[in-house]
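As a plain string of letters, each chain reads:
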Amino acid sequence: MPSYKVHIFGYLVMVGILLLLSDKLLNFHLSIETLIFGNIIGILYSILPDMDTPSSKMRKILGRLFLAASIICLLAFVFLRRMELIYIPLMLILFLYLLWFSRHRGLFHTPIIGILLSLPLYLIDLYYVGFAIIGFFSHLVLDNEVFR
Ligand SMILES: [Zn+2]
């Protein structure tokens, strides 16, 4: 299993080649903001499939992120008394719990999950979907999961 650093490097090489080719062959340019935020998203998605591994960097990031979100929701519940502020931490905890039962290189290492997890970014910007899919698929290519 390549480390998260290898996955990030692999993503940067792949997205670099794609951006260079699209620039030279199609004269296609992105704004600097799109490149910066798109690559942050791409880097995160390049290590996202390994959330099915308890010791992975992404699992640690998700654990901390979900803990922080849960604490914020519970604090907000104290003041706002809205039940959805209780449901959000419960769903996040349930998701982390269910991750314990996911098989490494199982469901989260499939192209369909990569597409499903990338599509919500369309609500922000279509290009972010592209960066996310490149990140996710670069991970699958390095894990040799795409052509299985
Ligand atoms: Zn992997």
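Residues numbered from 1 in each chain as written. Predicted model: local features only at pLDDT ≥ 70, side-chain atom pairs only at ≥ 80, totals over all residues. Heavy atoms only, no water.

Re the pattern of salt bridges
Right, so step 1: Inspection of the entire model under this criterion finds two salt bridges.
Right, so step 2: The closest approach of N and O atoms between E84 and R82, which form a salt bridge, is 2.6 Å.
Right, so step 3: Looking at R82, the relative accessible area reads 48%, which means it is partly exposed.
Right, so step 4: With a shortest N-O distance of 3.2 Å, D143 and R105 are connected by a salt bridge. You can see D143 sitting in the segment after α6 (126-142) and its partner R105 sitting in the loop between α4 (84-99) and α5 (111-118), a full 38 residues away along the chain. (Salt bridge = Lys/Arg side-chain N within 4 Å of Asp/Glu carboxyl O. Buried < 20%, exposed > 50% of the residue type's maximum accessible area, 1.4 Å probe, protein only. Helix = DSSP H or I, 4+ residues; strand = E, 2+ residues; numbered from the N terminus.)

Some details on the domain arrangement of the protein
Right, so step 1: Domain boundaries assigned for the protein yield domain 1 (1-53 + 108-148) and domain 2 (55-99).
Right, so step 2: Once you take the C-alpha centre of each, domain 1 and domain 2 turn out to be 26 Å apart.
Right, so step 3: On the side of domain 2, nine residues touch domain 1, which itself brings nine residues to the contact.
Right, so step 4: Interface area for domain 1 against domain 2, summed over the two sides, is near 800 Å², with a carbon-plus-sulfur share of 74%. (Domains from an automatic or database assignment. Contact = heavy atoms within 4.5 Å. Buried area = accessible area lost by both parts, 1.4 Å probe.)

Focus: the coordination of the zinc ion
Right, so step 1: D50 (OD), H109 (NE2), H139 (NE2) and D143 (OD) make up the full set of protein donors to the zinc ion, lying at 1.9 to 2.2 Å.
Right, so step 2: Each of the four donor atoms around the zinc ion contributes to a set of angles spanning 90 to 169°, which defines the coordination as irregular.
Right, so step 3: Of note, the donors binding the zinc ion are all from one chain and are spaced D-x58-H-x29-H-x3-D. Here the residue D50 occupies a position in the loop between α2 (32-47) and α3 (57-80), and D143 occupies one in the segment after α6, the gap between them amounting to 93 residues.
Right, so step 4: A residue is classified by how much of its surface remains accessible, and D50, at 5% relative accessible area, is buried.
Right, so step 5: For D143, a relative accessible area of 4% puts it in the buried group. (Donors = N, O, S within 2.8 Å, 3.2 Å for Na, K, Ca; no water. Tetrahedral: all angles 85-135°; square planar, octahedral: opposite > 155°, others 65-115°.)

Here's the deal with the confidence of the model for the protein
Right, so step 1: Residues with a pLDDT of 70 or more make up 98% of the protein, whose mean pLDDT is 93.
Right, so step 2: No element of the protein has a lower mean pLDDT than α4, which averages 93, and none a higher one than α2, which averages 97. (pLDDT = per-residue confidence, 0-100.)

Regarding α3
Right, so step 1: For α3, which comprises 24 residues, the first-to-last C-alpha distance of 34 Å matches the rise-based estimate of 34 Å (1.5 Å per residue) to within 8%.
Right, so step 2: The secondary structure elements touched by the buried residues of α3 are α2 and α4.
Right, so step 3: Within two residues after α3, R81 carries a phi angle of roughly 55°, on the positive side. (Expected span 1.5 Å × (residues − 1).)

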